[in-house]
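Architecture at a glance
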Amino acid sequence: MTLLAVGHGTRDPAGVATVRAVLDRVRSLRPALTVAESYAEITEPSLEAALTALPGRPQTGPVVAVPLMLGRGHHACADIPGRIRGRAVVARPLGPHPLLTEVLAERLRETRPADAIVLGAAGTSDPSGVADVAAAARLLGRRLGRTVPYGFAASAGPALTDVVADLRARGARRIAIASYLIAPGFFHERVLAAGADDVSRPLGVHRALARLIVHRYDEAFGAAAGSGVDRPAEAARRAG
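A brief report on the enclosed structure follows. (Residues numbered from 1 in each chain as written. Predicted model: local features only at pLDDT ≥ 70, side-chain atom pairs only at ≥ 80, totals over all residues. Heavy atoms only, no water.)

Observations regarding the overall build of the chain
Quick reminder of the rule: Where helices and strands are cited, they refer to DSSP runs of H or I of at least four residues and of E of at least two residues respectively, numbered from the N terminus. For the exposure calls, accessible area comes from a 1.4 Å probe over protein chains only, and a residue counts as buried if that area is under 20% of its type's maximum, exposed if over 50%, partly exposed in between. Any two residues having at least one pair of non-hydrogen atoms within 4.5 Å are treated as being in contact. The Shrake-Rupley method, run with a 1.4 Å probe, gives the accessible areas here. Residue values count only the displayed protein chains as cover. Note that His is not counted, nor are the chain ends; the positive residues are Lys and Arg, and the negative ones are Asp and Glu. Where a charge sits is defined by one atom per residue type, namely NZ (Lys), CZ (Arg), CG (Asp) or CD (Glu).
Each helix and strand in the chain was counted, giving nine helices and eight strands. Along the first, second and third principal axes, the C-alpha set of the chain runs to 60 × 35 × 30 Å. Counting the 240 residues in the chain, one finds 54% classified as buried. Within the chain, counting contacts between residues at least 6 apart in sequence, those at least 24 apart form 72% of the total. When the accessible area of the chain is evaluated, it comes to approximately 10,600 Å², of which 54% is carbon and sulfur surface. On the chain, the mean spot of the 30 positive side-chain charges and the mean spot of the 22 negative ones are 4 Å from each other.

The structure is reproduced here in C-alpha cells:
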C-alpha cells in the first residue's frame with residue numbers, strides 16, 4: 001500500500017527538511033505503508049516523477065495521493081487530480097480538522113501571552129478554500145475560548161497585515177499570529193512580516209499532523225476499496 005504525499009513545494013531547504021521529517025513520523029505510525037514524497041511545484045521530485053518512480057500498483061489496494069494542503073484550493077482540487085489522471089486516488093486536503101487545531105494551540109503556547117490572536121494562512125482565491133480557513137479559525141477560537149480572526153499572507157483579502165493593523169487600531173496591545181502553515185518558506189516569511197508582536201512556528205513535525213495525514217489516507221483508501229474505513233470513527237482509530 002502506498003501513500004503519495006504531495007507538498008506545495010518551496011525553495012527553502014528548511015521547508016523541504018520539515019516535510020521529510022513529517023513523513024518520517026507518518027512512517028513511524030504505519031510501518032507497513034510505503035510513504036513517497038512529491039511536490040506540486042518548485043521542489044523535486046515532482047508529482048509526475050514520483051508517480052513514475054513508484055513500483056507497479058500493489059495488489060492490496062490503490063496508491064493514495066494525500067495533498068499536504070490545509071484546505072481546498074487550486075492545487076488540492078484541480079491541479080493534483082488533473083495531473084494524476086486516474087493513476088492514484090486523491091485524498092481530501094488536510095484541513096480544517098481538530099488535529100490541526102491541537103497543533104496550532106501547542107505552537108501558540110510557545111509564544112508570549114497576547115490579547116489578540118490571528119490565524120495566518122497562505123491565502124487562496126478559491127471561495128471553498130477561504131471557507132476552510134474561516135472554519136479553522138473558528139475551531140481555534142473555540143479551543144482558546146476567544147474570537148480568532150484570520151488573514152492571508154499572499155492573496156486578496158482579508159490581508160493579514162490589514163487584520164493585524166485593525167486589531168492594533170482597536171486597542172490590542174500584543175498580537176500573536178498562529179502560523180497556519182506546515183513548514184517554513186516564502187509564506188511563513190510573509191506571516192513574520194505582517195506586523196504582529198509574535199508569530200508561532202509552522203505546524204511542522206508533530207504527531208497530530210502525522211496522524212491526520214494517515215487519517216486522510218485511510219478515508220480515501222476505504223472509499224476506493226469499499227472497505228468502510230472511510231467512516232470517521234474507524235479512520236480516526238486507524239490513524240492512531
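Next comes the rest of the write-up.
Quick look at the nonpolar core
Note the threshold: Residues grouped as a nonpolar core are buried Ala, Val, Leu, Ile, Met, Phe, Trp, Tyr and Cys residues, joined through side-chain atoms within 4.5 Å.
Formed by 46 residues in total, the largest nonpolar core has its most connected members in Leu3, Leu94, Leu119 and Ile213. Per-element tally for this core: the top contributor is helix α8 (residues 207-225), with nine residues. Ignoring sequence-local partners within four residues, the contact set of isoleucine 213 consists of Leu3, Val22, Val26, Val66, Leu68 and Leu94.

Some words on the packing of aromatic side chains
Applied cut-off: Each Phe, Tyr or Trp ring (for Trp, its six-membered ring) is paired with any other whose centre lies within 6.5 Å, and the angle between the two planes then decides the class: stacked below 30 degrees, edge-to-face above 60, tilted in between.
The full count for this structure, using the stated rule, is three aromatic pairs. Pairing tyrosine 150 with phenylalanine 152 gives two aromatic rings, centres 5.8 Å apart and planes at 55 degrees, and the pair type is tilted. Judged by its relative accessible area of 22%, tyrosine 150 is partly exposed. Ring geometry for tyrosine 217 and phenylalanine 221: centres 5.7 Å apart, planes at 25 degrees, overall stacked. Taken together, the residues tyrosine 217 and phenylalanine 221, both in helix α8 and four residues apart, mark about one turn of the helix. Residue classification places tyrosine 217 among the buried residues on the basis of a relative accessible area of 1%.

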